[in-house]
Amino acid sequence: MTASAPITQDVHTIPRKLPEGGKINLVGLTRDALRSVLIEHGTKEKQAKMRAGQIWQWIYQWGVRDFNEMTNLSKAFRAELDEKFVVEIPEVVSKQVSVDGTRKYLVRIAGGHEVEVVYIPEEDRGTLCVSSQVGCTLTCSFCHTGTQKLVRNLTAGEIVGQIMMARDDLDEWPTPGERNLGEARLLSNIVLMGMGEPLYNFENVRDAMNIAMDPEGISLSRRRITLSTSGVVPEIARTAEEIGCLLAVSFHATTDEVRDQLVPINKRWNIEALLEALRAYPRVSNSERITFEYVMLNGVNDSKEDAHRLVELIKGIPAKVNLIPFNEWPGAPYTRSSNNRIHAFADIIHAAGYSSPIRRPRGEDIFAACGQLKSATERQRKSKKQIEAETGLGN
Ligand code: SAH
Ligand code: SF4
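Residues numbered from 1 in each chain as written. Chains lettered and ligands numbered in written order. Predicted model: local features only at pLDDT ≥ 70, side-chain atom pairs only at ≥ 80, totals over all residues. Heavy atoms only, no water.

### Considerations on the site of ligand 2
Here is step 1: Taken together, C136, L138, C140, C143, G146, G196 and S230 make up the full set of residues adjacent to ligand 2.
Here is step 2: For the shell around ligand 2, the class distribution of residues is 4 nonpolar, 3 polar and no charged. (Near = heavy atom within 4 Å. Nonpolar A, V, L, I, M, F, W, Y, C, P; charged D, E, K, R; others polar.)

### A word on a negative patch on the surface
Here is step 1: Where like charges cluster on the molecular surface, the negative patch consists of D66, E69, E80, D82 and E83.
Here is step 2: Counting through the fold element by element, E83 comes out in helix α3 (residues 75–84). (Patch = residues over 30% accessible without salt bridge, like charges linked within 9 Å, V, L, I, M, F, W, Y side chains within 5 Å. Areas by Shrake-Rupley, 256 points an atom, 1.4 Å probe, with all protein chains shown as cover. Salt bridge = Lys/Arg side-chain N within 4 Å of Asp/Glu carboxyl O. Lys, Arg positive; Asp, Glu negative; His and termini not counted. Charge placed at Lys NZ, Arg CZ, Asp CG, Glu CD. Helix = DSSP H or I, 4+ residues; strand = E, 2+ residues; numbered from the N terminus.)

### A few points about the pattern of salt bridges
Here is step 1: Taken as a whole and assessed by the stated rule, the structure comprises 20 salt bridges.
Here is step 2: When the shortest N-O distance is used, the salt bridge between R206 and E242 registers 2.7 Å. Placement of the pair is R206 in helix α5 (residues 202–213) and E242 in helix α6 (residues 236–242), with a sequence separation of 36 residues.
Here is step 3: Between E293 and R359 there is a salt bridge, with its nearest N and O atoms 3.7 Å apart. Pair noted here: E293 is in strand β12 (residues 290–296) and R359 is in the loop between α10 (339–351) and α11 (375–391), with a separation of 66 residues, a long-range link. Take E293 and R359: they sit in the same class, and that class is buried.
Here is step 4: Taken together, the salt bridges that share partners define one network made up of E203, R206, D207, E235, R238 and E242. (Buried < 20%, exposed > 50% of the residue type's maximum accessible area, 1.4 Å probe, protein only.)

### Observations concerning the packing of aromatic side chains
Two aromatic rings, taken as a pair, are described by how far apart their centres are and by the angle between their planes.
Here is step 1: Tallied over the entire structure, the rule returns 5 aromatic pairs.
Here is step 2: Aromatic side chains F251 and F292 sit 5.2 Å apart centroid to centroid with 75° between the ring planes, which places their arrangement in the edge-to-face category. One end of the pair, F251, is in the loop between β11 (246–250) and α7 (256–262); the other, F292, is in strand β12, with 41 residues separating them in the sequence.
Here is step 3: For F251, a relative accessible area of 0% translates into the label buried.
Here is step 4: Across the ring face of F77, the terminal group of R51 is positioned such that the distance to the ring centre comes to 5.6 Å.
Here is step 5: Positioned over the ring face of F251 is R259, at 5.6 Å from the centre of the ring. (Phe/Tyr/Trp six-rings, centres within 6.5 Å; stacked < 30°, edge-to-face > 60°. Lys NZ or Arg CZ within 6 Å of the ring centre and 35° of its normal.)

### Let's talk about the nonpolar core
Here is step 1: Grouped together as the largest cluster of nonpolar side chains are 108 residues, with contacts concentrated most on F142, I163, M209, L278 and F292.
Here is step 2: Considering each element in turn, this core owes the most residues, 8 residues, to helix α4 (residues 156–170).
Here is step 3: No fewer than three residues from each of domain 1 (24–86) and domain 2 (91–383) sit in this core.
Here is step 4: Residues V118, I120, C129 and A368 belong to the second largest nonpolar core, which totals 6 residues. (Core = buried A, V, L, I, M, F, W, Y, C linked by side-chain atoms within 4.5 Å. Domains from an automatic or database assignment.)

### Here we look at the sheet that holds β11
One key point about sheets: their strands pair by backbone hydrogen bonds, in either a parallel or an antiparallel sense.
Here is step 1: A sheet is described by the order of its strands in space; here 9 strands give the open sequence β3-β4-β5-β6-β9-β10-β11-β12-β13, paired in mixed fashion. Two strands bound the open sheet, and with one partner strand each, they are β3 (91–97) and β13 (319–325). Neighbouring strand axes in the sheet, compared pairwise and without regard to direction, differ in orientation by 20° on average.
Here is step 2: Across the sheet, α10 is in contact with β12 and β13; its angle to β13 comes to roughly 180°. (Pairing = 2+ DSSP bridges. Axes fitted to C-alpha atoms, helices over the stretch in contact; angles between N-to-C directions. Contact = heavy atoms within 4.5 Å.)

### Here's the deal with the site of ligand 1
Here is step 1: Not every one of the 20 residues close to ligand 1 is listed here, only the nearest: G196, S228, S250, H252 and N327.
Here is step 2: Between ligand 1 and E293, the relevant distance is 3.0 Å, taken from an oxygen atom to a side-chain nitrogen or oxygen of the residue.
Here is step 3: Protein contacts shield 95% of the accessible area of ligand 1, which totals 530 Å² for the unbound molecule.
Here is step 4: Counting residues per element, the ones that place at least two in the shell around ligand 1 are β10 (225–229) and β12.
Here is step 5: Considered class by class, the residues forming the shell around ligand 1 number 9 nonpolar, 9 polar and 2 charged. (Polar contact = N/O pair within 3.5 Å; in protein donor to acceptor, adjacent residues only side chain to side chain.)

### What to know about the environment of R336
Here is step 1: For R336, the position within the fold is in the loop between β13 and α10.
Here is step 2: Other than its neighbours up to four places away in sequence, R336 contacts M296, N298, P325, F326, N327, E328, P361 and E364.
Here is step 3: In this structure the side chain of R336 is engaged in a polar contact, spanning 2.7 Å, whose partner is the backbone oxygen of F326.

Structure representation (structure tokens):
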């Protein structure tokens, strides 16, 4: 698929109704939607706001999924809720823990699809890398997710459900009745850097992030959420207005010629158009600065000239440049730049007054590093299929 082909139209989002028993999943509904759904199912309008607030708190502040445990609701109301609704999040299929403490989860969503979620513990924070789509319609040539066909957009519930799943695993829900955890949380930050292009699933990502930020629930500050985009220019202003989180952009090249190759969406919105949208972002969203992600590919985009050009391009934008040593995957057409090159590049950016951290790959032993998601799982599945084909089993 080329970057100029229509992308959003062919991506269907499943309705929030679950097939099983026709019950509606409340996870992923905005506050307003939750209120409306209660009214539709018989709650009096006058009471709906309060009831929605109570249910909201049980689900998102205390992690309760069983209506019977929602003890400030009457027994009769709880039974009614139980008949019509469910509180459901994606199911964990497998969990791997790296020697460095990184956790990678494979979760199953409706329709039997699977996505990966990665938890990265650091000294001063714990970051959850969340997926927004199954696969990706874009075909960045260095990204393994880009070689997988898009299956579908995740729903808002499946996106916020990844955060809830991780909180379950980290055992990090406050005891019912108690207020939120302070700043020292195990899961303190969210990055939308898993599988998929979040801005091609805008509404669901927006709703999920607004749920995650709600002070009566998971209550993550918008400054602790970073959305990474390959450069979907028309949605950048909306991100500032409707989400207001921090923005990272997969820049990766300093000329249109090279960026066309690496990030093909550049053929649709080139470097100049992208920079123009980025210039307006911090002001509108009130965020401090934009992260420019830059994957270091040996001999492709890692010269000193590139570093100088990058400094020129981002002039005037409050920015930080995150250098990502390329994470290789089988069959990848690139190799990782040498440490010397990466450091020389970082020094030039730094000398120009920008912070230029080199990202330390995490969870490499479990294939959890950037751009590797789903690869190991896919490989396993392929080889199982191959075995089945060879042995005539599996039908
Ligand atoms: N689709 C979004 C977010 C997911 S990718 C985007 O492209 O921004 C998250 C980050 O990992 C992006 O900056 C992406 O370019 C980078 N990345 C992808 N494959 C990589 C690889 N093999 N090695 C290092 N970084 C990679
Ligand atoms: Fe999609 Fe991002 Fe990978 Fe590009 S880098 S193929 S946009 S997930």
